[in-house]
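Each chain, written out:
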Amino acid sequence: MRKQGLPDSRVAEVVARYEQGWTAPQIADHYGVSTKNIHTQLREAGARMRDSHEREQ
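Since we're looking at a predicted model, the values are computed, not measured.

Calculation notes
Residues numbered from 1 in each chain as written. Predicted model: local features only at pLDDT ≥ 70, side-chain atom pairs only at ≥ 80, totals over all residues. Heavy atoms only, no water. Helix = DSSP H or I, 4+ residues; strand = E, 2+ residues; numbered from the N terminus. Buried < 20%, exposed > 50% of the residue type's maximum accessible area, 1.4 Å probe, protein only. Polar contact = N/O pair within 3.5 Å; in protein donor to acceptor, adjacent residues only side chain to side chain. Axes fitted to C-alpha atoms, helices over the stretch in contact; angles between N-to-C directions. Parallel < 35°, antiparallel > 145°, perpendicular 65-115°, else oblique. Contact = heavy atoms within 4.5 Å.

Asks: Sorry if this is basic, but what is going on with the side chain of R50 here?
Replies: Summarising the element assignment, R50 is placed in the segment after helix 3 (35-44). A residue is classified by how much of its surface remains accessible, and R50, at 17% relative accessible area, is buried. At 2.7 Å, the side chain of R50 forms a polar contact with the backbone oxygen of Y18. Reaching out from R50, the side chain makes a polar contact with the backbone oxygen of W22 at a distance of 2.6 Å.

Have a look at this one:
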């Protein structure tokens with residue numbers, strides 16, 4: 001079954017969780033969407049992205 005996308009109303013929550021230190025996979029699991037979807041939403045929202053070692057890029 002294909003996972004649904006993230007509603008626009010949740011993007012601010014996703015960005016806040018990511019900025020609090022949640023990883024993209026953790027956020028994806030929490031909202032029931034793909035990690036790719038979370039990465040896309042974060043980039044589109046202008047969030048400062050981290051690499052896989054939690055370093056800012």
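Text resumes after the structure shown.
Asks: Could you clarify how one ought to interpret the packing of helix 1 (residues 11-19) against helix 3 in this entry?
Replies: Close contact between helix 1 and helix 3 brings their axes to 10 Å; oriented N to C, the two are set at 95°. Here helix 3 runs roughly perpendicular to helix 1, going by the angle between their axes. Between helix 1, through V11, V14, V15 and Y18, and helix 3, the contact on the second element is made entirely by I38, Q41 and L42.

Taken by themselves, the reported measurements are silent on function.
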